[in-house]
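The chain contents come next:
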Amino acid sequence: MTQATIGFIGLGLMGAAMVGRLQDKGYAVTVTANRSRPNIDAAVARGATEVATARDVAAASDIVMLCMDTSDSVEARMRGDDGVIAGLKPGAVVIDFGTSLPGSTHALGAETEAAGGAYLDAPLGRTPAHAKDGLLNIMAAGEKAAFDKVAPVLNDLGENVFHLGALGSGHTIKLINNFFGMTVANAMAEAFAMADVAGIDRQNLYDVMAAGPLHSGMMDFVKGYALDGDPAQLAFAIKNAAKDVGYYARMVDEAGAETVMAQGALTALRRANDEGRGDDMVSTMVDYYASKMTK
């Protein structure tokens, strides 16, 4: 599979970094424009082939990779006369690297299989900086034979590549992971804001909390902004966090269960987004809580 031809749709920050890594490893890459041109132009300048539609991407590729923002975006690129499924080569593997709803993943998997291909969900952990160096965490799921077929390529993109079982398992685990992470981040952001209300030095609060079992990477990411003024240590936008926690809540509901813990973080993230903070990094939720708790 080292000579597999790759199609890539969704050259945002993460997708562009992944395409750069694939090109560094010598893969032939076919791309199509999604929202903006700069990353497409950069990929083409390095040798990628640009085509007009997702169908054309699929027709040129052994492996089709999507790195999109929402399930709706993935479905729009997969379906229709100009979609991936319409142009799929026999035996091709489609990989959704985004964070999508498991129900949508199952439906697209069935449609892809009916068209003669295989579908994997493979959401990502870590950042675009890790992607440039092939150090992503990749949470893949789906038919094991399809996973084995593309594993050499995934290993070029990721440091830790997991096969997690049946289709949808990757997206399910990613949503649980992001629910947990964003709940912790919001709790820490509010903790710093409450320290301000109480007249407690933020550094003192952090020193005490970090000395015990509460210490975590997520705590340090939020501290990176609250104390050091660096929001980029948690390079994840509020609008994306709201989407992911919202997807988690929807997944829970579709399973016939109820989430209590997600509601606090989800409410805060959505309100912050509605107030125009959506493009800010999650660590800046400290400012959102401070604006609500201080006069």
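Rules behind the numbers
Along each chain, the written sequence defines residue order, and numbers are assigned to residues from 1. For this predicted model, a pLDDT threshold of at least 70 governs which residues receive local features, and a threshold of 80 or more governs which side-chain atom pairs are given and counted, while totals over whole chains, interfaces and linings are taken from all residues. By convention in this description, side-chain values take in all heavy atoms of the structure and omit both hydrogens and water. Note: two strands are recorded as paired if DSSP finds a minimum of 2 bridges between them. The secondary structure listing takes helices from DSSP runs of H or I that are at least 4 residues long and strands from runs of E that are at least 2 residues long, numbered from the N terminus. Whether two residues are in contact is decided by their heavy atoms: any pair within 4.5 Å suffices. Simply put, an axis is a line fit to the C-alpha atoms, just over the touching stretch for a helix, and the angle between two N-to-C directions goes from 0 to 180 degrees. Contacts described as polar in this section are N or O atom pairs within 3.5 Å, which, within protein, must combine one atom able to donate a hydrogen with one able to accept it, while residues neighboring in sequence count only if both atoms come from side chains. For this analysis, a salt bridge means a side-chain nitrogen from Lys or Arg found within 4 Å of a carboxyl oxygen belonging to Asp or Glu. The cut-offs for exposure are 20% and 50% of the maximum accessible area for each residue type, with area from a 1.4 Å probe on protein chains only; residues under the lower value are buried, those over the upper are exposed, and the others partly exposed. If the strands point away from the viewer and the path from the first strand over the helix to the second runs clockwise, then the crossover is right-handed.

(A) How the structure looks around the sheet that holds strand β4 (residues 63–66). Judged by pairing direction, the sheet is parallel, and its 6 strands sit side by side in the order β3-β2-β1-β4-β5-β6 without closing on themselves. Looking at the sheet topology across the chains shown, the edges are occupied by β3 (49–50) and β6 (118–121). Contacts from helix α1 (residues 13–24) reach β1 (6–9), β2 (29–32) and β4, with the element oriented near 165 degrees to β1.

(B) Here's a closer look at the side chain of Ser 100. Inspection of the secondary structure assignment puts Ser 100 in the loop between β5 (93–96) and α6 (102–114). A polar contact of 2.7 Å, which involves the side chain of Ser 100, links it to the side chain of Asp 96. Every residue in contact with Ser 100, bar those within four places of it in the chain, is listed here: Ser 71, Val 74, Thr 105, His 171, Leu 175 and Tyr 247.

(C) Structural view of the pattern of salt bridges. Scanning the entire structure with this criterion turns up 15 salt bridges. In this structure, the salt-bridge partner of Glu 111 is Arg 79, at a minimum N-O distance of 2.7 Å. Of this pair, Glu 111 sits in helix α6 while Arg 79 sits in the loop between α4 (71–78) and α5 (84–87); the two residues are 32 residues apart in sequence, bridging distant segments of the chain. The exposure class assigned to Glu 111 is partly exposed, which follows from its relative accessible area of 30%. With a relative accessible area of 33%, Arg 79 lands in the partly exposed category. Of the charged contacts in the structure, one is a salt bridge between Asp 196 and Arg 202, with a shortest N-O distance of 2.6 Å.

(D) Seen up close, the sheet that holds strand β7 (residues 124–125). Pairing is mixed in the open sheet, where 3 strands are placed in the order β7-β8-β9. Edge positions in the open sheet fall to β7 and β9 (158–163), since each of these has one partner strand only.

(E) Up close: the pairing of β2. Because side chains alternate across β2, one face comprises the buried residues Val 29 and Val 31, and the other comprises Thr 30 and Thr 32, equally buried. Inspection of the sheet shows β1 paired to β2 by 4 bridges, in the parallel sense. Along β2, the bridge assignment pairs Gly 7 with Thr 30. For the segment spanning β1, α1 and β2, crossover handedness is right-handed. Bridge count between β2 and β3: 2 bridges; the pairing is parallel.

(F) Local environment of the environment of His 163. Looking at the element boundaries, His 163 is found in strand β9. Remark: the alpha-carbon pair of His 163 and Ala 141, spanning 22 residues in sequence, is separated by 5.4 Å. Beyond its immediate sequence surroundings of up to four residues, His 163 is in contact with Ala 140, Ala 141, Gly 142, Glu 143, Lys 144 and Phe 147. For His 163, the side chain forms a polar contact with the main-chain oxygen of Gly 142, separated by 2.8 Å.

(G) Spotlight on the pairing of β5. Burial along β5 is two-sided: the residues Val 93 and Ile 95 and Val 94 and Asp 96 are all buried. Relative to β5, β4 is paired through 4 bridges, and the arrangement is parallel. Within the sheet, the bridge partner assigned to Leu 66 lies in β5 and is Asp 96. Bridge count for β5 against β6 is 4 bridges, and the pairing is parallel. Counted as the bridge partner of Val 93 is Ala 118 from β6. In this view, the connection linking β5 to its parallel neighbour β6 by way of α6 has right-handed handedness.

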